[in-house]
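Notes for the structure review
Here is what each chain is made of, one letter per residue.
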Amino acid sequence: MAATTQFRTCPTTGLKIDLAAQSLIKANAVAAVVFLAIGGLFGLSIALTRWPEIHLLPVDWFYMALTAHGLDVLLCWIIFFEVAVLYFASAVLLNCRLAAPRTAWVAFVLMVVGAALTNVTVLQGESSVMFTSYTPLRAAPNFYLGLIIFAVGALVACGNFFGTLVIAKEERTYEGSVPLVTFGALTAAIIAVFTLASGAVILIPTWLWSLGYINHIDPVMYKLVWWAMGHSSQQINVSAHVAVWYAVAAILLGAKPLSEKASRLAFLLYIFFLQLASAHHLLVEPGISSEWKIFNTSYAMYLAVLGSMIHALTVPGTIEAAQRKLGFNKGMFEWLRKAPWGNPAFSGVFLSLVMFGFLGGISGVVLGTEQINLIMHNTLYVPGHFHATVVTGTTLTFMAVTYLILPLILQRDVMFPRMAQWQPYVFGLGAAGISLFMMGAGTLGVPRRHWDVTFADSPFGFEFPSAAFMMLALNGLSAILAATGGLMYVVNVVASVFFGKKTADKPMKVAVPVSTSGQPAAVGAYGSAGSLNIPGTITLVTIFFVSFVLYYYVNWKYLAEVWPLR
Amino acid sequence: MAVTPPANRLWWNEPIHIVELGWIVIAFIWGLVMFFTMVYWHSIGEQNLANETYKVVPQSFAAKAEAMTEKYTVRDEVGIPVVRPPPGSDVYLIARIWSWWPILELEKDQSYRLHLSAMEYSHGFSLQPVNINIQIQPGYEHVLTITPNQSGKFGIVCNEFCGFGHHTMVSPLYVVDRS
């Protein structure tokens, strides 16, 4: 096999790129973008329905759109893109051939077929059970079957990633340990295996149940196992997008990890502890003890949160250190002011880093606190939180790195560079608005997954405060902004991939050429050897930590004000 | 760089800088603080969700709710009975598509043992504007003690998707001052 593998040499980085890996990255990334476009459209229609003055969709369409939205963006867009990231982090970064390109194509086809089957089933209208498909709500059998096929495909893709790592090691295509980015991708892949296995454990019996072969699925057990897939899959995202943060900082600025050991430890903590997060969805469930809830919801004493908090210092820290090395040394923040804000790969990653931490991270820990969950569970606060993690975090990061993948891997110039420059800001602002205003409405009690919070059709009704309706209107406006940003991305990517100019065969302007040719750099040039000069990052992290502590205890205060219950 | 193998092949021997180490220690301690805050709240806090739960057949739960309703109905609203059970008693609330049954009228500052269960699908008990949210599952009878500390008319909104009539599933809950 190895003899027949064809490579090209990247003029910018000097990396050998397996052409089969390149085509697979392209196919998976394009499929991802298609599902983002479809899912994003559903998302917009949902936000416009929640806006009471517009109330766009009729009730059955609303719940159908909500089901499809979750599937298409949370599952299809993200997993297709992650498969592209896995192939990049293994074959490309390790200078290696992809283990089994044909199997990788089989994986791709399975994923496309599965995603299409589930989508078609949802659009037939008999399977509006939400993305979570909590039993005893019953969808058509093909809804589950499609998901199973998709998961099998994704699992095969992960297998290919692992295989490539083995081959790279055996064929000595790199020296020493795998790069940090590959290590992060490996973390994502390991969590993915756990996730997809949990998915199989719950979706196969549920499929059989919907066919009538099994007569009862316990609803609490279903949630426990389903969320071992549903929540852990979000941890694949976290690992993957943190890996991408490091990659973009390295490619654009030549950034080095402050300490390989600390950053890898942070990823390792993800592998050990993130899987416990299923508990986040069971905090106000009957039949589960408080001890179990506390231990699991906190990832065994917040050890996975510790991982993320380490990255919260090391990612901006590597950027600051790199910028200072390039000469931006004045004062505390020259490195940040003079960062390449006009480069969408950088701006997207940095915006994502800040918003993921401040909006997504803090709200997630608060929401996942056993007792505080009582005042937030199933309100719009929940989607507010996860739009901060998955949209401003993962999605924005994946969009940002696309602007590097286009020229470096797909060999196409970005067709509309001006539009690309603005895109992360437009999308980021919209997504931040969606998150904040949904969280705001949620703290006022507005439920998630609800077609009409004015209760016009109900004999009794209930009136939410007018501030809640203002939040819903602002959420709608933010969704329009985010959809505009999404459209700018999709149009640019599709146009560039299919009609863009081939990149000239000369190096692209990135700060420092990537090279794995094996000359070891001076050991401990900065960072790990004890010259860690990152005052700006320390200030940012301090602000983050203070906000975190304040917001955490403010919510305990809110909790203490509600009716006593025990 | 992060996209190349570590420059120092023995990277695990590199010391971690004091700034990074300091942050790791702070973050770790903060994790412990948050963990023990949850534990501590179980001893001092007044808002802890009960763990008392029984497996139950929906029909037998409904029968218990009906027995209570028969005893304590004071009036009815749009065909649904309003019950005013005595303080300290067992109060049953059925969640079903797409209503809550019966309507409860409780006294302020009195405690009640509230039994929650669902008939067919999962439902969400969302007490508004107090904003207490509890999941209700068919086949599970969840028993908690609540003490309303405000009087007035409240709403119980269903906040778990339960079919196309989900948005109509809302009912009042009355808390009255002791007469």
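Everything here concerns the structure above.
Attention in this report is confined to the structure presented alongside it. (Residues numbered from 1 in each chain as written. Chains lettered and ligands numbered in written order. Predicted model: local features only at pLDDT ≥ 70, side-chain atom pairs only at ≥ 80, totals over all residues. Heavy atoms only, no water.)

All names here are of chain B. Summed over the entire model, instances satisfying the criterion amount to 43 aromatic pairs over all chains. Taking the centre distance of 5.0 Å and the plane angle of 85 degrees together, the rings of F35 and F36 count as edge-to-face. For F35, a relative accessible area of 9% gives the class buried. Considering the side-chain rings of F61 and Y92, the 5.7 Å spacing of their centres and the 65 degrees angle between planes classify their relative orientation as edge-to-face. (Phe/Tyr/Trp six-rings, centres within 6.5 Å; stacked < 30°, edge-to-face > 60°. Buried < 20%, exposed > 50% of the residue type's maximum accessible area, 1.4 Å probe, protein only.)

Take the pairing of strand β2 (residues 73-77) of chain B next. Residues and elements named next belong to chain B. Where β2 meets strand β3 (residues 80-83), four bridges bridge the pair, whose relative direction is antiparallel. When the bridges of β3 are listed, T73 appears paired with V83. From the end of β2 to the start of β3, which pair antiparallel, there are two residues, and V78 there has a positive phi angle of about 45 degrees. (Pairing = 2+ DSSP bridges. Helix = DSSP H or I, 4+ residues; strand = E, 2+ residues; numbered from the N terminus.)

Before going further, it helps to examine the sheet that holds strand β12 (residues 170-176) of chain B. Residue and element names in this part refer to chain B. Sheet architecture is open: seven strands sit in the order β2-β3-β6-β12-β11-β8-β9, paired in mixed fashion. A strand with exactly one partner marks an edge of an open sheet, and here the two such strands are β2 and β9 (132-136). Ignoring which end each strand starts from, the neighbouring axes of this sheet average 25 degrees apart. With four bridges connecting them, strand β8 (residues 123-128) and strand β11 (residues 152-158) associate as antiparallel partners. Across the sheet, S126 pairs through a bridge with V157, a residue of β11. (Axes fitted to C-alpha atoms, helices over the stretch in contact; angles between N-to-C directions.)

Moving on to empty space enclosed by the protein. Residues and elements named next belong to chain A. Under the counting rule described, the total for this entry stands at nine cavities of 30 Å³ or more. There is about 240 Å³ of room inside the largest cavity. What lines the largest cavity is a set of 22 residues, and nearest its centre among them are F88, L93, I251, L408 and I409. Among the secondary structure elements, those contributing two or more residues to the lining of the largest cavity are α2 (59-92), α6 (219-253) and α12 (381-408). If one sorts the elements of the lining of the largest cavity by residue count, α6 sits on top with five residues. Partitioning the lining of the largest cavity into residue classes produces 21 nonpolar, one polar and no charged. (1 Å grid on protein atoms, 1.4 Å probe; cavity = no way out; pocket = protein on both sides within 12 Å on 5 of 7 lines; lining within 4 Å. Points joined across faces, edges and corners; volume = space filled by probe spheres on them. Nonpolar A, V, L, I, M, F, W, Y, C, P; charged D, E, K, R; others polar.)

Residues and elements named next belong to chain A. Tracing the backbone shows R50 in helix α1 (residues 19-50). Buried and without a salt bridge, R50 has D452 as its closest oppositely charged side chain, separated by 11 Å. Filtering out sequence-adjacent residues up to four positions away, R50 remains in contact with F62, L66, L380, M438, R448, R449, H450 and L472. (Lys, Arg positive; Asp, Glu negative; His and termini not counted. Salt bridge = Lys/Arg side-chain N within 4 Å of Asp/Glu carboxyl O. Contact = heavy atoms within 4.5 Å.)

Our next topic: the interface of chain A and chain B. Counting residues at the interface gives 115 residues for chain A, matched by 89 residues for chain B. At the boundary of chain A with chain B, total buried surface from both sides reaches about 8900 Å², with 69% on carbon and sulfur atoms. Three residues, F460(A), W563(A) and R566(A), lead the burial of chain A against chain B; their summed loss comes to 11% of the area buried on that side. Inspection of the chain A/chain B interface yields three salt bridges. (Buried area = accessible area lost by both parts, 1.4 Å probe.)

So, about a nonpolar patch on the surface. Residues and elements named next belong to chain A. Together, M415, F416, L487, V491, V494, F498 and F499 make up an exposed nonpolar region whose accessible area comes to about 670 Å². Assignment of secondary structure puts F416 in the loop between α12 and α13 (417-443). Residue classification places F416 among the partly exposed positions, given a relative accessible area of 35%. (Patch = residues over 30% accessible without salt bridge, like charges linked within 9 Å, V, L, I, M, F, W, Y side chains within 5 Å. Areas by Shrake-Rupley, 256 points an atom, 1.4 Å probe, with all protein chains shown as cover.)

This brings us to the side chain of N373(A). All names here are of chain A. Tracing the backbone shows N373 in the loop between α11 (344-367) and α12. We classify N373 as buried; its relative accessible area is 2%. In contact with N373, other than residues within four places in its own chain, are H280, L283, V284 and L367.

We now examine unusual backbone geometry. Most peptide bonds take the trans form, and the phi angle of most residues other than glycine is negative. All names here are of chain B. Here I97 and W98 are connected by a cis peptide whose omega angle stands at -15 degrees. Its place among the elements puts W98 in the loop between β4 (90-96) and β5 (99-101). Put simply, W101 and P102 share a cis peptide bond, and its omega is -5 degrees. Relative to the helices and strands, P102 resides in the loop between β5 and β6 (103-107).

Moving on to the environment of E105(B). Residues and elements named next belong to chain B. Position of E105 among the secondary structure elements: in strand β6. Given a relative accessible area of 7%, E105 falls into the buried group. It is 64 Å that separates the C-alpha atoms of E105 and V3, two residues lying 102 residues apart in sequence. Those residues in contact with E105 that sit more than four places away from it in its chain are R75, V82, V83, R84, P85, Y174 and V176. A polar side-chain atom of E105 sits 2.9 Å from a polar atom in the side chain of R75. (Polar contact = N/O pair within 3.5 Å; in protein donor to acceptor, adjacent residues only side chain to side chain.)

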